[in-house]
There are 2 protein chains.
Amino acid sequence: MTTERLGKQLRFITEIDKLKTQLRQTVLTDASRRENSAEHSWHVTVMAVLLHEHADCGDIDVFRVARMLLVHDIVEIDAGDTFCYDEEGAKDKRARETQAADRIFALLPADQAEEIRGLWDEFEERRTPEARFAAALDRLQPLLHNACTDGEAWRKHGVRADRVLSHNEHIREGSRSLWAYAEQLIHDAVARGILAE
Amino acid sequence: MTTERLGKQLRFITEIDKLKTQLRQTVLTDASRRENSAEHSWHVTVMAVLLHEHADCGDIDVFRVARMLLVHDIVEIDAGDTFCYDEEGAKDKRARETQAADRIFALLPADQAEEIRGLWDEFEERRTPEARFAAALDRLQPLLHNACTDGEAWRKHGVRADRVLSHNEHIREGSRSLWAYAEQLIHDAVARGILAE
């Protein structure tokens, strides 16, 4: 617990403040402005605390899910937010984000750099029950925002129901009950005319 | 795990989106705008994950600290953010926030309403090691922002060093090493002329 160690930790903590200026395509539920990735990260982490009983794997490590969600978007500080329906941006997303992870996590003391990088890799790979559940929440949250704002982000980008269904289908990998809810939400959105068929 | 239960959980999750529009006096480290309470909550929760080794009580429950920090400001949705150097606002802060807690947490299923209310009460009372450490981080974070922005919030509100020292002194209750850092930061701010003596 040297001053050098604390200095590195605080350097990282100051750096990640930049995530608050990284805008997503999702708008707030009152449609007043676009959401940023820091407040989104808070929102999905609270969701993990409250919704973990819906994870299909019963003995899930909720704190691990929470830690993944706290750090899952930090790479956007360098790589930017790639809209989930942006096929062009998706092509080099992985390369841009890996480079960002290499720089940003390395600000931390070596052991913590490794720990946080491990959480980010785990989230991206979606192989563990915790990562699958975290990814499910990360997808569900913008659906809730779209439902609250008459499909603001969907309409702005001309996204259609089949793409929303296929893009979000892996909510099912983390939680069948949340997927049942999400599917209903999407069908309702079509019925309400806020999502094109 | 009935639909009614999930409905209540999602009702709460949608409601707390409003915390993203609740502005604090602190500005972002690039001084571009005021910080909101949702992104602040994310920031201090990441700090808990990274800085828990500095807690004076060794066997601290870090997930408990994190959960307290995730929900500690939700009452501001109704009660507003009371600036920490606002003596007038401080008078009825507790009453306003208790009323807010009564309404907002009650949106959740009863067991979770009780759990989250318990976390908020624990944070406010600062009696457990976890609550003391959480409160220390909640104080340290705006100090870092002030140091990055030439004391923007301090100067705007004419706050002087003695009040900053006395207000933040309970960082020491959670972590002597973080308090040593904070004290130095405050003294440096005076030396740099960004905080009035």
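Residues numbered from 1 in each chain as written. Chains lettered and ligands numbered in written order. Predicted model: local features only at pLDDT ≥ 70, side-chain atom pairs only at ≥ 80, totals over all residues. Heavy atoms only, no water.

Draft legend 1. Quick peek at the interface of chain A and chain B. Taken residue by residue, the interface counts 49 residues in chain A and 49 residues in chain B. Of the roughly 4300 Å² buried between chain A and chain B, counting both surfaces, carbon and sulfur atoms make up 73%. For the interface between chain A and chain B, the tally reads four salt bridges. A salt bridge links Lys-20 of chain B to Glu-35 of chain A, with the shortest nitrogen-to-oxygen separation between them at 2.7 Å. On the surface where chain A and chain B come into contact, there are 26 residue pairs in polar contact (both at pLDDT 80 or more). Breaking the side of chain A that touches chain B down by element, the ones donating at least two residues are α1 (3–15), β2 (34–36), α2 (37–51), α3 (62–71), α7 (110–125), α8 (129–148) and α12 (176–192) of chain A. For the side of chain A that touches chain B, the element with the highest residue contribution is α2 of chain A, accounting for 11 residues. When the residues that make up the side of chain A that touches chain B are grouped by side-chain class, the tally is 26 nonpolar, 14 polar and nine charged. (Contact = heavy atoms within 4.5 Å. Buried area = accessible area lost by both parts, 1.4 Å probe. Salt bridge = Lys/Arg side-chain N within 4 Å of Asp/Glu carboxyl O. Polar contact = N/O pair within 3.5 Å; in protein donor to acceptor, adjacent residues only side chain to side chain. Helix = DSSP H or I, 4+ residues; strand = E, 2+ residues; numbered from the N terminus. Nonpolar A, V, L, I, M, F, W, Y, C, P; charged D, E, K, R; others polar.)

Draft legend 2. Structural context of the relation of the copies chain A and chain B. Of the transformation superimposing chain A on chain B, the axial component is 0.0 Å and the angular component is 180 degrees, with the fit at an RMSD of 0.0 Å. Considering both components of the superposition, the chain copies are consistent with a two-fold axis. An overlap of 100% is found between the interface residues of chain A and their copies at the interface of chain B, pointing to a shared contact surface. (Least-squares fit on C-alpha atoms with pLDDT ≥ 70 in both.)

Draft legend 3. Fine view of the environment of Glu-122 of chain A. Residue and element names in this part refer to chain A. Tracing the sequence through the fold places Glu-122 in helix α7. Judged by its relative accessible area of 10%, Glu-122 is buried. Discounting chain neighbours no more than four positions away, the residues touching Glu-122 are Arg-64, Met-68, Arg-127, Thr-128, Glu-130 and Ala-131. (Buried < 20%, exposed > 50% of the residue type's maximum accessible area, 1.4 Å probe, protein only.)

Draft legend 4. Representation of the pairing of strand β1 (residues 23–27) of chain B in the model. Residue and element names in this part refer to chain B. Within β1, four of the five residues are buried, which leaves it mostly tucked inside the rest of the structure. Across two bridges, β1 lies against strand β2 (residues 34–36) in antiparallel orientation. Bridge assignment links Leu-23 to a residue of β2, and that residue is Asn-36. Between the antiparallel neighbours β1 and β2 lie six residues, among them Ala-31 with a positive phi of about 60 degrees. (Pairing = 2+ DSSP bridges.)

Draft legend 5. Representation of the environment of Leu-185 of chain A in the model. Residue and element names in this part refer to chain A. With respect to the helices and strands, Leu-185 occurs in helix α12. Using a relative accessible area of 9% as the deciding quantity, one classes Leu-185 as buried. Separated by 143 residues in the primary sequence, Leu-185 and Trp-42 place their C-alpha atoms 23 Å from one another. In this structure, Leu-185 is in contact with Leu-143, Leu-144, Ala-147 and Trp-154, ignoring residues within four places of it in sequence.

Draft legend 6. Summary view of the packing of α2 of chain A against helix α3 (residues 62–71) of chain B. Following both chains from N to C, one finds α2 of chain A and α3 of chain B inclined at 120 degrees, their axes separated by 10 Å at the closest point. Taken together, the axes of α2 of chain A and α3 of chain B are oblique relative to one another. The two elements α2 of chain A and α3 of chain B meet at a crossing, and its hand is left-handed. Contacts from Trp-42, Thr-45, Val-46 and Val-49 of chain A in α2 of chain A reach Phe-63, Arg-67 and Leu-70 of chain B in α3 of chain B. Considered class by class, the residues forming the contact of α2 of chain A with α3 of chain B number five nonpolar, one polar and one charged. (Axes fitted to C-alpha atoms, helices over the stretch in contact; angles between N-to-C directions. Parallel < 35°, antiparallel > 145°, perpendicular 65-115°, else oblique. Left-handed = near helix turned anticlockwise from the far one by under 90°.)

Draft legend 7. Representation of α7 of chain A. Its 16 residues give α7 of chain A an end-to-end C-alpha distance of 22 Å, which sits within 8% of 22 Å, the value for a rise of 1.5 Å per residue. Considering only its buried residues, α7 of chain A is in contact with α1, α3, α6 (93–105) and α8 of chain A together with α2 (37–51) of chain B. (Expected span 1.5 Å × (residues − 1).)

Draft legend 8. Here's a closer look at empty space enclosed by the protein. Inspection of every chain in the model, using the stated rule, returns one cavity of 30 Å³ or more. Taken as a whole, the largest cavity holds about 40 Å³ of empty space. For the largest cavity, the full set of lining residues is Val-46, Val-49 and Leu-50 of chain A together with Phe-12, Arg-67, Leu-70, Val-71 and Ile-116 of chain B. Broken down by secondary-structure element, the contributors of at least two residues to the lining of the largest cavity are α2 of chain A together with α3 of chain B. Residue composition of the lining of the largest cavity, grouped by class: seven nonpolar, no polar and one charged. (1 Å grid on protein atoms, 1.4 Å probe; cavity = no way out; pocket = protein on both sides within 12 Å on 5 of 7 lines; lining within 4 Å. Points joined across faces, edges and corners; volume = space filled by probe spheres on them.)

Draft legend 9. Representation of the pattern of salt bridges in the model. All names here are of chain B. Applying the stated criterion to the full structure yields 50 salt bridges over all chains. Salt-bridge contacts for Asp-92 lead to Arg-96; the nearest nitrogen and oxygen are separated by 3.0 Å. Among the residues examined, Arg-96 registers a relative accessible area of 24% and is labelled partly exposed. The partner of Glu-124 in a salt bridge is Arg-94, with the nearest N and O atoms 3.4 Å apart.

Draft legend 10. Region of interest: the packing of aromatic side chains. For the structure shown, the criterion picks out five aromatic pairs over all chains. Plain terms: the ring middles of Phe-63 of chain A and Phe-63 of chain B are 4.8 Å apart, the flat faces sit at 25 degrees to each other, and that makes the pair stacked. Here the residue Phe-63 of chain A occupies a position in helix α3, and Phe-63 of chain B occupies one in helix α3, the pair thus bridging two chains. Phe-63 of chain A gets classed as buried once you look at its relative accessible area, which sits at 15%. Among the aromatic residues, those joined into a ring-pair cluster are Phe-12, Phe-105 and Trp-120 of chain A. One cation-aromatic arrangement involves Arg-67 of chain A over Phe-63 of chain A; the distance from NZ or CZ to the ring centre is 4.5 Å. (Phe/Tyr/Trp six-rings, centres within 6.5 Å; stacked < 30°, edge-to-face > 60°. Lys NZ or Arg CZ within 6 Å of the ring centre and 35° of its normal.)

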